[in-house]
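Take a look at the letters that make up each chain.
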Amino acid sequence: MPTQRAPRRRGAAATAAAVTVALLAAGCSSSASASASASASASARVGAKGGGPTITVVGAENEYANVIAQIGGKYVRTDAIMSDPNTDPHTFEASPAVTQEVSSAQLVVQNGVGYDTFMDDIEKAAPSSSRTVIDVQKLLGLPDSTVNPHLWYRSGTMPAVAEAVAADLSRLQPADADYFQANLTAFDHSLSAWTTAVAALKAAHPDTPVATTEPVADYLLQAAGTDNLTPWSLQADIMNGVDPSPQDVTFQEQLFTQHKVQLFLYNQQVTDALTQTFLALAKQDGIPVVGVYETMPTDGYDYQSWMLAEVDAIDRALSSGQSTEKL
């Protein structure tokens, strides 16, 4: 079942305190940390093993970890900190096991834009001169004022991440630079099916009016040329766990009851009473719905197939009225 919404933002001091406690706990009992990791599934092993010296790499979100694993192949051991589709990424708190993983990593990839601030807290609490951090926000040159943190739905994000990963892995292990570069080239080519599908969707359904709960897939919707009629203020409030204004709620409800939109996209990963009400209204009024995800579904997907599946679901909804609530 999707996670029920809880208030998302925590104070920086509280988060830092939680990380400090985690660091102390990690130092006291490594066996307890391993047990906690296994029982809580705090991380997911997504990389390849064996074949040569292993570089320890961490992706804060499993979509980044998956791309790292594709570039690093047999030379990396990749951990994903957030991979549970039943977890709200915005409220994630680092456990001792997570702290150990991040502290021991040689290369870290994190989203930035305030999405995974727990990573910053861990890195500050356990500094390491041998650890390289790729902050995707900084890599893309995005300001702190960027309102939508779901950067992996931007078509240009993962090519830039993959290139930076290949460069850093090559620096860490120069003898295998050609291997990392070959994997980078293959990865870039593999994205063409997704970008082609987005272009086809835009050509087939230009300016299609849609509604959303929060801006999880907004970058994709913009690339596909849709017209998102949901007020930004409502999307932001739901994303941040704040009660939207009655006016925004009424406006959103009328998008369904007055059939002003042809598609409703909602965050399948995290719901609450309000988003469930919107979902029920959309179904009641015959508007197809598509569930979108913040972390990559773990049932046989890689980043490329996940993004393509999201586009295919939107296309089916607009072409034949077919809903896809879960990939």
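In case you missed it, the structure is sitting above this.
Residues numbered from 1 in each chain as written. Predicted model: local features only at pLDDT ≥ 70, side-chain atom pairs only at ≥ 80, totals over all residues. Heavy atoms only, no water.

Colleague: Explanation requested: the environment of leucine 318 in the structure shown.
Modeller: Within the secondary structure, leucine 318 sits in helix H14 (residues 303-320). Accessibility expressed as a relative area gives 14% for leucine 318, which makes it buried. Remark: the alpha-carbon pair of leucine 318 and isoleucine 287, spanning 31 residues in sequence, is separated by 9.7 Å. (Helix = DSSP H or I, 4+ residues; strand = E, 2+ residues; numbered from the N terminus. Buried < 20%, exposed > 50% of the residue type's maximum accessible area, 1.4 Å probe, protein only.)

Colleague: Could you clarify how one ought to interpret the sheet that holds strand S7 (residues 209-212) in this entry?
Modeller: Within a beta sheet, neighbouring strands are joined by backbone hydrogen bonds and run either parallel or antiparallel to one another. Judged by pairing direction, the sheet is parallel, and its four strands sit side by side in the order S8-S7-S9-S11 without closing on themselves. A single partner strand is all that each edge strand has here, and the edge strands are strand S8 (227-228) and strand S11 (289-292). In this structure, strand S9 (residues 263-267) lies alongside S11, joined through four bridges in parallel fashion. The residue bridging leucine 265 from the neighbouring strand is valine 290, located in S11. Its contacts with the sheet place helix H12 (residues 246-257) against S7 and S9, and it is angled at close to 130° to S7. Helix H13 (residues 273-284) contacts S9 and S11 of the sheet and is inclined by roughly 155° relative to S9. (Pairing = 2+ DSSP bridges. Contact = heavy atoms within 4.5 Å. Axes fitted to C-alpha atoms, helices over the stretch in contact; angles between N-to-C directions.)

Colleague: It is not clear to me how the packing of aromatic side chains should be interpreted in this structure. Could you clarify?
Modeller: In this description, an aromatic ring pair is defined by two values, namely the gap between the centres and the angle between the planes. Inspection of the entire model under this criterion finds eleven aromatic pairs. Taking 5.8 Å as the distance between ring centres and 70° as the angle between the ring planes, the aromatic pair formed by tyrosine 153 and tryptophan 306 counts as edge-to-face. Taken together, the residues span a long stretch of sequence, with tyrosine 153 in the loop between helix H6 (136-139) and helix H7 (157-172) and tryptophan 306 in helix H14 at a distance of 153 residues. Side by side, tyrosine 153 and tryptophan 306 carry an identical accessibility label, which is buried. Look at phenylalanine 256 and phenylalanine 264: their rings are 4.9 Å apart centre to centre, the planes differ by 75°, and that puts the pair in the edge-to-face class. (Phe/Tyr/Trp six-rings, centres within 6.5 Å; stacked < 30°, edge-to-face > 60°.)

Colleague: Sorry if this is basic, but what is going on with the environment of lysine 74 here?
Modeller: Summarising the element assignment, lysine 74 is placed in the loop between helix H3 (62-72) and strand S4 (76-82). Between the alpha carbons of lysine 74 and tyrosine 179 there is a distance of 9.8 Å; along the sequence they are 105 residues apart.

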